[in-house]
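# Topology and contacts: notes
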Amino acid sequence: AKEKGRNDFQIFNTDMKSVSINRLKLESELRRAIVGDEFVLYYQPQVDIETGRIVGVEALIRWDHPGKGLISPNYFIPFAEESGLIVPIGEWVLRAACKQNKAWQNQGYPMMPISVNLSMRQFFQHNLKGKIRHVLEQTGLDPQYLELEITESMTMDVDHAIQSLLELKELGVNVSIDDFGTGYSSLYYLKKFPIDKLKIDRSFVRDIMVDPNDAAIVATIIAMTHHLNLKVIAEGVETEDQLHFLHENRCNEVQGYWFSPPVSADELEKMLKTGI
Ligand code: C2E
Ligand code: CA
Ligand code: CA
Ligand code: CA
């Protein structure tokens, strides 16, 4: 394949055909997408391992590009983060997710938290607490039904992270650490962070049945969360064997293709009605 220039960005549509888009063009297209409401949220169920019931959903953004179809976040979130556009995009996600969860509650679906991914820039944004409070007030969602996912890299500045997390906890929302195990993780500080849940990264879950090291890591993370009184969810669960392993090791919740990929709101509603 031809080398792409530094100023180009590879994006892929759902058929995984790559299209190279100039950064400037991507930026202007993303701006248009923000104003023109071209984003949609998909929802992936989080399942209680004991009951098999859906006890939460993670909201995951897609870009419904007028010419290119649904575009995966992997191909625009990194650029959005780099350019700062992640801030308005992240606000759209937060509002859309809270609004959807409130709508489900109003329609009589079981009450459950919706998880929203926070980017680094959002996490360190001035007055993040005020902005989230505003969205909760506007949408009428009770804070206990919102969960914010941050990554380990956001906790590197320990004092700053603790301060931001305390503010979020004052609002009454839940916080989880996403992709746990892949980044900087000081176990010493982990107990000082006011968080509720760890999400074990899918790279560990993927090989638990074939790699004894990964199995040991996952079992150890789970045991540790119980000692720290945190909840734990395993990401990327794709097989029944993985599910059994996680069950035997007392993981609380699971998320992954074994139960369901991320789906549209309509499809999620069907699952909520009939079970997975
Ligand atoms: P993430 O937060 O780690 O989200 C989980 C990703 O794993 C999702 O990819 C999901 O579709 C995928 N996944 C779930 N189960 C399985 C499985 O069993 N096997 C495999 N192979 N994959 C699985 P998705 O939706 O493409 O999102 C990719 C990443 O984009 C997310 O990773 C997150 O870092 C970012 N992202 C998505 N939505 C948002 C958003 O609204 N805001 C921000 N800041 N980032 C977002
Ligand atoms: Ca996530
Ligand atoms: Ca993750
Ligand atoms: Ca990830």
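Just so you know, the residues in each chain are numbered from 1, in the order the chain's sequence is written. Each chain is given a letter, starting from A, and each ligand a number, starting from 1, according to the order in which they appear as written. With pLDDT at 70 or above as the cut-off, local features in this predicted model cover only qualifying residues; side-chain atom pairs require 80 or more to be listed or tallied, and sums for whole chains, interfaces and linings still use all residues. Only hydrogens and water are set aside; all other atoms, that is, all heavy atoms of the structure, feed into the side-chain values.

- Naming follows an unreviewed UniProt entry, where the chain appears as EAL domain-containing protein of Paenibacillus alginolyticus.

## Digging into the pairing of strand S8 (residues 174–180)
- Each residue gets one of three labels from its accessible area relative to the maximum for its type: buried under 20%, exposed over 50%, partly exposed in between, using a 1.4 Å probe on protein chains only. Secondary structure elements follow DSSP: runs of H or I of four or more residues count as helices, runs of E of two or more count as strands, with numbering from the N terminus. Extensive coverage of S8 is indicated by the burial of six of its seven residues.
- Where the polypeptide runs from strand S7 (residues 146–151) across helix H6 (residues 158–171) and back to S8, its parallel neighbour, the crossover connection is right-handed.
- DSSP calls a pair of strands paired once it identifies at least 2 bridges connecting them. Bridge analysis of S8 against strand S9 (residues 197–200) gives three bridges, and the strand direction is parallel. For Ile 177, the partnering residue across the bridge sits in S9 and is Leu 198. Looking down the strands as they point away from you, a crossover is right-handed if its path from the first strand over the helix to the second goes clockwise.

## Regarding helix H11 (residues 265–274)
- Residues Ala 265, Leu 268, Glu 269, Met 271 and Leu 272 constitute the buried set of H11. In a view along the axis of H11, the buried residues occupy a sector of 160°, so they form one face of it. The outward face of H11, more than 90 degrees from its buried face, is lined by the exposed residues Asp 266, Lys 270, Lys 273 and Thr 274.
- The contact definition used throughout considers only heavy atoms, calling two residues in contact when any of these lie within 4.5 Å. Close packing links the buried residues of H11 with strand S3 (39–48), strand S4 (54–65) and helix H3 (86–106).
- Positive phi appears at Gly 275, one or two residues downstream of H11, with a value of about 85°. In this description, the arc belongs to the directions extending from the helix axis to the C-beta atoms.

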